[in-house]
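# Notes for the structure review
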Amino acid sequence: MLEKRIDELIKILNKANYEYYTLDNPSITDQEYDSYMDELIKLETNNPSLVRSDSPTVRIGGQIIDEFKKITHSIPMMSLGDIFNYDEVRDFDTKVRKVIPNPEYVCEPKIDGLSVSLIYKKGKLVSGATRGDGVVGEDITHNVKTIKNIPLSLPVDIDIEVRGEIYMSISSFTKLNEERIKKGEKVFANPRNAAAGSVRQLDSSISASRNLATFMYHMPEAQIHNVKNQEEALKFMSDLTFAVNPNIEKVSSVDEIIKYIEKIASIRSDLPYEIDGVVIKVNNFLDQKKLGVTAKVPKWAIAYKFPAEEVLTKLNDIEFCVGRTGKITPRADLSPVRLKGSVVRSATLNNQDYIKEKNIMIGDIVSIRKAGDVIPEVVEVKTERRTGDEVPFKMIDKCPICGSKLVKKEGEVAYFCTNINCDARNIESLIHFASRDAMNIEGFGERIVEDFYNMGFLKKIEDYYTLKEHKTTLMELEGFGEKSINNLLNNIENSKSNSLERLIFGLGIKHVGKKTAKILSENYKTLDKLIEADTEELSLIDDIGSIIANSINSYFKEDKKINMINKLKENNVNTNYLSKEKNINELFLDKTFVLTGTLDSLSREEAKELIESKGGKNTNSVSKKTDVVIVGSSPGSKYDNALNLGITIWTEDEFIKNSRR
Ligand code: IVH
């Protein structure tokens, strides 16, 4: 009786959910929905053993996991090759036609979100995973279940995997950022980051509150379901109640592809979600098979990316920021505009020469774009829009924070504040010390560091490690409870066991970036030995020139710095290089590797590090002594040599898989 009612309620609610979120055509009122939901919640609370995996009550969230488990994709999740103009669209079509004389294409909007794989067993959703590196992704089942247009159960009891995109609509994104500003939290740069941040939550009630949605566009094992082409696959998924994008078209010539791109570009700004291009797929699956794949992307599909968006806005003022080295960077204060899904209020102006070159005046109308998708920059001034009221830019001569006189050093374009005790510099140094590539002390972003600095708890780097002495006071601060302070203190505690390169980078020695910090730790193994090294000795190391060597040397000559390091040591901060040999893997141990071509998920440097950390050796050329050649896309002659010599070849996927054994 009870089970029957639960079954009925689940059916009603899941249907209502589908009608509301996927079809946009509700057949019951919100009040009716709420009253069925209340009834189901009550029944489930009183009868926990009757809670079903496809109950819509999971959409409310509440499940909290300890960590993200890994999920290996049965078929790797590939990404797509990018093209940026119509000539490249024509090249793609020509290449396809060499293999398939009369191809049909399916053109789809390229949704700007993150891809997801969903697995259903006997019609019930059992797992959801991110793409990860394509081979292994993260298990986000608990969060996926809260996404309203993902069906928890299908109309038929089949086993199936479907793939698509999780995204956040522009209106949900804007609302979320407004709420975050009110709470003093960092805003997300764009809807894609917001969606990715939302599925990476351990607590599913957070993702439930984020209004995520999906479009499904891929069936990796279509043939099992007797589905012969992409058009049928989309229909098949739509019949299974998945959300499928409505603006998809089948075409059969390159001119029609281009027409489709133009049509989508023209409706782009009216869409309620962000797209960053168009995906063109050969329709027939047998044709897809004939075309095949390269090491990382299919040859039967391609992504046409829209050109970077530019918008016009007014430059209201020029402000000045002080970095951790004292460097002064002018910044444009702009009238807020929406650009690629986020609201832009400022843009970097680099230095005074840049402002002169671009002929920028205060009050100008400027066009801005996002370089590398994140940092906005001024492209040009619309001089034809000048009214005569614009004010010429004037470089400041005093630090905007501490008032000290600014100086321009020889060989540098920028001005510097030379007051080593300038608050802005101190704060930036503290933020840098805790940043991800340095000591990686999570939680110490701009806001907290600035607050703790101004309150006097965190004035110098060494203060991080005595912060716990202020625990009771910190816990009483508004906005911080015991839990958040414990978290921060734990993160500090954990940073004590970092390897030396993180500490060296975190110290913020001028000209010592992440890579140099690594070279120094590998060469000297302990901080004490590095401190003892003189300029001459340092310059003998590959990649360390005299400028870096001098900078290192003068840094450690300062008593203040040595005192700080002694305090870090007293607080048990590790100052030794921790070799990574403990990761030894027999597939790599004592073997000689050669890399050729471009890898998708790792830089060459990272790939080499991975090989060495597993006990392998890197060399540059293929010979009989080479054990394995790792082949990325567009490999060079090393690949041919390896084939001729019969040497073992690993694709990128095999390399990653083997490294995880
Ligand atoms: S098909 C093997 N279709 O774009 C085919 N991808 O740049 C795999 N994306 O990783 C992808 N909209 O996250 C496909 N309609 C669409 C898409 C789409 C967005 C994303 C997806 C993929 C990335 C590649």
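In the block above lies the structure referred to throughout.
For the structure given in this document, a descriptive report is provided here.

### Overview of the overall build of the protein
Looking only at helices and strands, the protein has 24 helices and 24 strands in total. By the compact-globule yardstick of 26 Å for 661 residues, the protein fits well, its C-alpha radius of gyration being 29 Å. When its C-alpha atoms are laid out on the principal axes, the protein stretches across 75 × 70 × 65 Å. The burial tally for the protein puts 47% of its 661 residues in the buried class. Looking at charge distribution, the protein has the averaged site of its 94 positive side-chain charges lying 2 Å from that of its 101 negative ones.

### Describing the site of the ligand
Contacts to the ligand come from 13 residues, most closely from Glu108, Ile111, Glu165, Tyr217 and Lys281. A distance of 2.8 Å separates a nitrogen atom of the ligand from a polar side-chain atom of Glu108. Of all the elements in the fold, those that place two or more residues in the shell around the ligand are β3 (105-111) and β10 (275-282). Per-element accounting of the shell around the ligand gives the leading share, 4 residues, to β3.

### Here we look at the packing of helix α12 (residues 423-434) against helix α13 (residues 446-454)
Angle between the axes and distance between the axes are the two parameters that describe a pair of packed helices. Following both chains from N to C, one finds α12 and α13 inclined at 130°, their axes separated by 10 Å at the closest point. Comparing the axis directions of α12 and α13 gives the class oblique. The handedness of the crossing between α12 and α13 comes out as right-handed. Of the residues in α13, those touching α12 at Asp423, Asn426, Ile427, Leu430 and Ile431 are Glu446, Val449, Glu450 and Tyr453.

### Here we look at the sheet that holds strand β2 (residues 82-83)
Spatial strand order, β2-β11-β10-β3-β9: 5 strands in an open sheet with mixed pairing. Edge positions in the sheet fall to β2 and β9 (249-251), since each has one partner strand and no second. Across 2 bridges, β2 lies against strand β11 (residues 301-305) in parallel orientation. Bridging from a neighbouring strand, Ile83 pairs with Tyr304 of β11. The strands touched by helix α3 (residues 86-99) within the sheet are β2, β3, β10 and β11, with β11 carrying the most contacts at an inclination of about 175°.

### Some words on the pattern of salt bridges
Going through the model one piece at a time under the given rule, you end up with 35 salt bridges. The partner of Asp7 in a salt bridge is Arg52, with the nearest N and O atoms 2.8 Å apart. With a gap of 45 residues between them, Asp7 in helix α1 (residues 2-22) and Arg52 in the loop between α2 (30-46) and β1 (70-72) connect regions that are remote in the sequence. On the accessibility criterion, Asp7 (25% relative accessible area) is partly exposed. Its relative accessible area of 29% is what places Arg52 among the partly exposed residues. The structure contains a network of salt bridges with shared partners spanning Asp7, Lys11, Arg52, Asp54 and Lys124.

### Details of the side chain of Ser117
Turning to its location among the elements, Ser117 is positioned in strand β4 (residues 114-121). On the accessibility criterion, Ser117 (3% relative accessible area) is buried. A polar contact of 2.8 Å, which involves the side chain of Ser117, links it to the side chain of Glu161. Not counting the four nearest positions on each side in its chain, Ser117 is found in contact with His73, Met77, Ser127, Gly128, Ala129, Glu161, Val162 and Arg163.

### Overview of the pairing of strand β5 (residues 124-130)
The buried fraction of β5 is high, at 5 of 7 residues. Pairing between β4 and β5: 6 bridges, direction antiparallel. Its bridge partner being in β5, Ile119 is matched across the sheet by Ser127. Where β4 folds back on β5, the antiparallel hairpin that results is connected by 2 residues, among which Lys122 adopts a positive phi of roughly 50°.

### Quick look at the state of the cysteines
Every disulfide links exactly two cysteines, by a covalent bond between their sulfur atoms. As enumerated under the stated definition, the model contains 0 disulfides in all. Take Cys321: it sits in no disulfide, and the sulfur closest to it among the cysteines is that of Cys399, at 11 Å. Its relative accessible area of 27% is what places Cys321 among the partly exposed residues. In this structure Cys417 is a free cysteine whose sulfur lies 3.6 Å from that of Cys402, the closest cysteine sulfur available.

### Here's the deal with α1
Its 21 residues place the ends of α1 29 Å apart at the C-alpha level, agreeing with the 30 Å of an ideal helix rising 1.5 Å per residue. Turning to α1, its buried residues are Ile6, Leu9, Ile10, Leu13, Asn14, Ala16, Asn17 and Glu19. Each element contacted by the buried residues of α1 is listed here: α2. Immediately downstream of α1, the backbone of Asp24 shows phi near 55°, a positive value.

### Structural notes on the sheet that holds strand β24 (residues 648-651)
Overall, parallel pairing links the 4 strands, which are arranged β22-β21-β23-β24 in an open sheet. Each end of this open sheet is capped by a strand with a single partner; those strands are β22 (617-619) and β24. Between one strand axis and the next, the sheet turns by 35° as a mean value, whatever way the strands run. With respect to the sheet, helix α24 (residues 652-659) is in contact with β23 (628-631) and β24, its orientation differing from that of β24 by roughly 90°.

### Topic: the nonpolar core
In terms of nonpolar packing, the biggest core is built from 53 residues, with Phe444, Phe452 and Tyr464 touching the most fellow members. Elements supplying a minimum of two residues to this core: α12, α13, α15 (482-495), α16 (500-507), α17 (514-524), α18 (527-532), α20 (546-557) and α21 (559-570). Core analysis: the next-biggest nonpolar cluster, separate from the first, contains 35 residues, Val106, Val144, Leu152 and Phe242 among them.

Conventions we followed
Residues numbered from 1 in each chain as written. Predicted model: local features only at pLDDT ≥ 70, side-chain atom pairs only at ≥ 80, totals over all residues. Heavy atoms only, no water. Helix = DSSP H or I, 4+ residues; strand = E, 2+ residues; numbered from the N terminus. Rg over C-alpha atoms; globule rule 2.2 N^0.38 Å. Buried < 20%, exposed > 50% of the residue type's maximum accessible area, 1.4 Å probe, protein only. Lys, Arg positive; Asp, Glu negative; His and termini not counted. Charge placed at Lys NZ, Arg CZ, Asp CG, Glu CD. Near = heavy atom within 4 Å. Polar contact = N/O pair within 3.5 Å; in protein donor to acceptor, adjacent residues only side chain to side chain. Axes fitted to C-alpha atoms, helices over the stretch in contact; angles between N-to-C directions. Parallel < 35°, antiparallel > 145°, perpendicular 65-115°, else oblique. Left-handed = near helix turned anticlockwise from the far one by under 90°. Contact = heavy atoms within 4.5 Å. Pairing = 2+ DSSP bridges. Salt bridge = Lys/Arg side-chain N within 4 Å of Asp/Glu carboxyl O. Disulfide = S-S within 2.5 Å. Expected span 1.5 Å × (residues − 1). Core = buried A, V, L, I, M, F, W, Y, C linked by side-chain atoms within 4.5 Å.

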